[in-house]
Amino acid sequence: MDGNTWESLREQCLACQKCALASTRTQVVFGTGNPAAEVLFVGEGPGQQEDEQGLPFVGRSGKLLDVYLDAIGLGRDKNIYIANIVKCRPPGNRDPLPEEREACLPWLRKQFSHIRPKIIVCLGRIAAQVIIRPNYAIMKEHGQWEEKNGVWFTATLHPAALLRNPNNKPLAFEDFVAVREKIREVCDHTY
Ligand code: URA
(Lines give C-alpha, C1' and ligand atoms only; values in the text may rest on other atoms or scores of the structure.)
Protein backbone atom coordinates (compact mmCIF):
# COMPACT_ATOMS: atom_id res chain seq x y z
CA MET A 1 0.00 0.00 0.00
CA ASP A 2 1.28 3.45 -0.80
CA GLY A 3 1.83 5.57 2.29
CA ASN A 4 1.91 8.89 0.51
CA THR A 5 -1.68 9.96 0.79
CA TRP A 6 -3.47 10.92 3.95
CA GLU A 7 -6.07 8.22 3.39
CA SER A 8 -3.51 5.46 2.94
CA LEU A 9 -1.65 6.65 6.04
CA ARG A 10 -4.91 6.43 7.96
CA GLU A 11 -5.64 2.95 6.64
CA GLN A 12 -2.19 1.69 7.57
CA CYS A 13 -2.45 3.21 11.04
CA LEU A 14 -5.87 1.62 11.62
CA ALA A 15 -4.30 -1.79 10.94
CA CYS A 16 -1.24 -1.19 13.17
CA GLN A 17 0.12 -4.12 15.21
CA LYS A 18 3.39 -2.51 16.30
CA CYS A 19 2.85 -2.76 20.05
CA ALA A 20 0.89 -4.72 22.64
CA LEU A 21 -1.89 -2.11 22.79
CA ALA A 22 -3.15 -3.56 19.51
CA SER A 23 -4.45 -6.58 21.38
CA THR A 24 -6.44 -4.63 23.99
CA ARG A 25 -7.83 -1.75 21.89
CA THR A 26 -11.35 -1.62 20.50
CA GLN A 27 -10.41 0.92 17.82
CA VAL A 28 -7.33 2.82 16.73
CA VAL A 29 -7.83 6.56 17.28
CA PHE A 30 -6.01 8.08 14.31
CA GLY A 31 -7.10 11.69 14.88
CA THR A 32 -9.74 14.12 13.76
CA GLY A 33 -10.07 17.49 12.13
CA ASN A 34 -8.80 19.23 9.06
CA PRO A 35 -5.52 17.77 7.74
CA ALA A 36 -4.89 21.11 6.02
CA ALA A 37 -5.01 22.93 9.36
CA GLU A 38 -2.23 25.24 10.49
CA VAL A 39 -2.70 24.26 14.14
CA LEU A 40 -2.15 20.75 15.52
CA PHE A 41 -3.25 19.77 19.03
CA VAL A 42 -1.65 16.66 20.50
CA GLY A 43 -2.98 14.77 23.51
CA GLU A 44 -1.68 11.75 25.33
CA GLY A 45 -3.78 8.79 24.26
CA PRO A 46 -7.35 7.57 23.94
CA GLY A 47 -9.51 6.90 26.98
CA GLN A 48 -12.45 4.54 27.15
CA GLN A 49 -14.90 6.58 25.10
CA GLU A 50 -12.28 7.43 22.49
CA ASP A 51 -11.42 3.72 22.22
CA GLU A 52 -15.09 2.89 21.73
CA GLN A 53 -15.81 5.65 19.20
CA GLY A 54 -12.48 5.76 17.39
CA LEU A 55 -12.23 9.54 17.84
CA PRO A 56 -9.97 11.66 20.08
CA PHE A 57 -11.28 13.74 22.97
CA VAL A 58 -14.93 12.69 22.87
CA GLY A 59 -15.29 12.06 26.63
CA ARG A 60 -15.62 14.58 29.46
CA SER A 61 -12.20 16.10 28.94
CA GLY A 62 -12.98 16.46 25.23
CA LYS A 63 -16.12 18.43 26.02
CA LEU A 64 -14.02 20.79 28.11
CA LEU A 65 -11.43 21.04 25.34
CA ASP A 66 -14.20 22.04 22.92
CA VAL A 67 -15.22 24.90 25.24
CA TYR A 68 -11.68 26.31 25.20
CA LEU A 69 -11.35 25.82 21.45
CA ASP A 70 -14.67 27.51 20.79
CA ALA A 71 -13.67 30.46 23.01
CA ILE A 72 -10.79 31.26 20.64
CA GLY A 73 -12.61 30.52 17.38
CA LEU A 74 -11.23 27.04 16.78
CA GLY A 75 -13.11 23.82 16.11
CA ARG A 76 -12.33 20.27 15.12
CA ASP A 77 -13.47 19.72 11.53
CA LYS A 78 -12.96 23.43 10.94
CA ASN A 79 -9.50 24.85 11.43
CA ILE A 80 -7.46 22.46 13.57
CA TYR A 81 -6.33 18.85 13.69
CA ILE A 82 -6.33 16.81 16.92
CA ALA A 83 -4.17 13.71 17.41
CA ASN A 84 -2.57 11.80 20.26
CA ILE A 85 0.92 10.54 21.11
CA VAL A 86 -0.41 6.97 21.21
CA LYS A 87 -3.26 5.94 18.98
CA CYS A 88 -4.54 3.05 21.12
CA ARG A 89 -5.93 3.12 24.63
CA PRO A 90 -3.56 1.99 27.38
CA PRO A 91 -5.58 -0.41 29.59
CA GLY A 92 -7.13 1.35 32.58
CA ASN A 93 -5.93 4.70 31.15
CA ARG A 94 -2.42 4.22 32.54
CA ASP A 95 0.37 6.38 31.09
CA PRO A 96 1.63 4.95 27.80
CA LEU A 97 4.87 2.98 28.31
CA PRO A 98 8.09 4.22 26.66
CA GLU A 99 8.03 1.31 24.18
CA GLU A 100 4.42 2.08 23.26
CA ARG A 101 5.28 5.73 22.64
CA GLU A 102 8.29 4.77 20.55
CA ALA A 103 6.29 2.28 18.50
CA CYS A 104 3.54 4.82 17.88
CA LEU A 105 5.52 8.00 17.29
CA PRO A 106 6.20 7.34 13.58
CA TRP A 107 2.45 7.73 12.96
CA LEU A 108 2.42 11.17 14.54
CA ARG A 109 5.57 12.10 12.62
CA LYS A 110 3.87 11.11 9.36
CA GLN A 111 0.75 13.05 10.31
CA PHE A 112 3.00 16.03 11.03
CA SER A 113 4.70 15.69 7.62
CA HIS A 114 1.36 15.75 5.85
CA ILE A 115 -0.24 18.53 7.87
CA ARG A 116 2.89 20.70 8.14
CA PRO A 117 1.34 22.78 10.95
CA LYS A 118 2.65 26.21 11.91
CA ILE A 119 1.68 25.71 15.56
CA ILE A 120 1.68 22.61 17.78
CA VAL A 121 -0.18 22.75 21.09
CA CYS A 122 0.67 19.89 23.46
CA LEU A 123 -2.18 18.95 25.76
CA GLY A 124 -0.65 17.95 29.06
CA ARG A 125 2.66 16.74 30.45
CA ILE A 126 3.07 13.53 28.47
CA ALA A 127 2.63 15.19 25.08
CA ALA A 128 4.90 18.08 26.09
CA GLN A 129 7.60 15.70 27.33
CA VAL A 130 7.50 13.67 24.12
CA ILE A 131 7.24 16.59 21.70
CA ILE A 132 9.04 19.51 23.36
CA ARG A 133 11.53 18.14 25.88
CA PRO A 134 11.74 15.05 28.17
CA ASN A 135 12.13 17.18 31.30
CA TYR A 136 9.32 19.61 30.39
CA ALA A 137 7.74 20.90 33.64
CA ILE A 138 4.12 21.42 32.67
CA MET A 139 3.06 23.52 35.69
CA LYS A 140 6.08 25.79 35.31
CA GLU A 141 6.44 26.03 31.55
CA HIS A 142 2.91 25.82 30.14
CA GLY A 143 2.01 28.80 27.97
CA GLN A 144 5.62 29.46 26.96
CA TRP A 145 6.52 29.30 23.28
CA GLU A 146 9.49 28.00 21.40
CA GLU A 147 10.17 27.95 17.70
CA LYS A 148 11.99 25.16 15.88
CA ASN A 149 12.41 24.97 12.10
CA GLY A 150 9.62 27.47 11.56
CA VAL A 151 7.12 25.64 13.80
CA TRP A 152 5.88 27.18 17.07
CA PHE A 153 5.47 24.84 20.04
CA THR A 154 3.61 25.34 23.30
CA ALA A 155 1.83 23.24 25.91
CA THR A 156 -1.14 23.73 28.16
CA LEU A 157 -2.65 21.76 31.01
CA HIS A 158 -4.48 18.60 30.03
CA PRO A 159 -8.28 19.07 30.16
CA ALA A 160 -8.57 15.92 32.32
CA ALA A 161 -6.22 17.58 34.83
CA LEU A 162 -8.47 20.66 34.77
CA LEU A 163 -11.48 18.48 35.56
CA ARG A 164 -9.59 17.13 38.57
CA ASN A 165 -8.37 20.57 39.58
CA PRO A 166 -10.77 23.28 38.35
CA ASN A 167 -8.79 25.99 40.15
CA ASN A 168 -6.30 25.77 37.27
CA LYS A 169 -8.87 26.56 34.58
CA PRO A 170 -7.93 30.26 34.35
CA LEU A 171 -4.29 29.25 33.70
CA ALA A 172 -5.36 27.10 30.76
CA PHE A 173 -7.65 29.83 29.47
CA GLU A 174 -4.71 32.24 29.38
CA ASP A 175 -2.75 29.68 27.37
CA PHE A 176 -5.57 29.42 24.83
CA VAL A 177 -5.74 33.20 24.52
CA ALA A 178 -2.00 33.13 23.80
CA VAL A 179 -2.63 30.46 21.14
CA ARG A 180 -5.11 32.86 19.49
CA GLU A 181 -2.47 35.61 19.52
CA LYS A 182 0.15 33.30 18.01
CA ILE A 183 -2.30 32.20 15.30
CA ARG A 184 -2.91 35.84 14.40
CA GLU A 185 0.83 36.35 14.23
CA VAL A 186 1.94 33.31 12.19
CA CYS A 187 -1.05 31.71 10.47
CA ASP A 188 -2.75 32.93 7.33
CA HIS A 189 -5.90 30.85 6.85
CA THR A 190 -6.96 29.71 10.33
CA TYR A 191 -9.15 32.74 11.09
N1 URA B 1 -7.14 12.32 26.62
C2 URA B 1 -6.18 12.39 25.66
O3 URA B 1 -5.04 12.72 25.92
N4 URA B 1 -6.56 12.09 24.42
C5 URA B 1 -7.79 11.75 24.08
O6 URA B 1 -8.04 11.50 22.90
C7 URA B 1 -8.76 11.69 25.10
C8 URA B 1 -8.41 11.97 26.36
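About the criteria used
- Residues numbered from 1 in each chain as written.
- Predicted model: local features only at pLDDT ≥ 70, side-chain atom pairs only at ≥ 80, totals over all residues.
- Heavy atoms only, no water.
- Axes fitted to C-alpha atoms, helices over the stretch in contact; angles between N-to-C directions.
- Helix = DSSP H or I, 4+ residues; strand = E, 2+ residues; numbered from the N terminus.
- Parallel < 35°, antiparallel > 145°, perpendicular 65-115°, else oblique.
- Left-handed = near helix turned anticlockwise from the far one by under 90°.
- Contact = heavy atoms within 4.5 Å.
- Nonpolar A, V, L, I, M, F, W, Y, C, P; charged D, E, K, R; others polar.
- Buried < 20%, exposed > 50% of the residue type's maximum accessible area, 1.4 Å probe, protein only.
- Arc of directions from axis to C-beta.

**Observations concerning the packing of helix 3 (residues 60-71) against helix 8 (residues 169-186)**
At step 1: Where helix 3 meets helix 8, the axes come as close as 9 Å, and the angle between the chain directions of the two elements is 45°. Here helix 8 runs oblique to helix 3, going by the angle between their axes. Viewed along their axes, helix 3 and helix 8 form a crossing whose handedness is right-handed. Judged by residue contacts, L64, L65, Y68, L69 and A71 of helix 3 engage K169, A172, F173, F176 and R180 from helix 8.
At step 2: Residues belonging to the contact of helix 3 with helix 8 are distributed by class as follows: 8 nonpolar, no polar and 2 charged.

**Quick notes on helix 1 (residues 6-14)**
At step 1: If you check which residues of helix 1 are buried, you get W6, S8, L9 and C13. Burial along helix 1 is one-sided: seen end-on, the buried residues are contained in an arc of 165°.
At step 2: Turning to helix 1, the residues buried within the fold contact strand 3 (81-84) and helix 4 (98-115).

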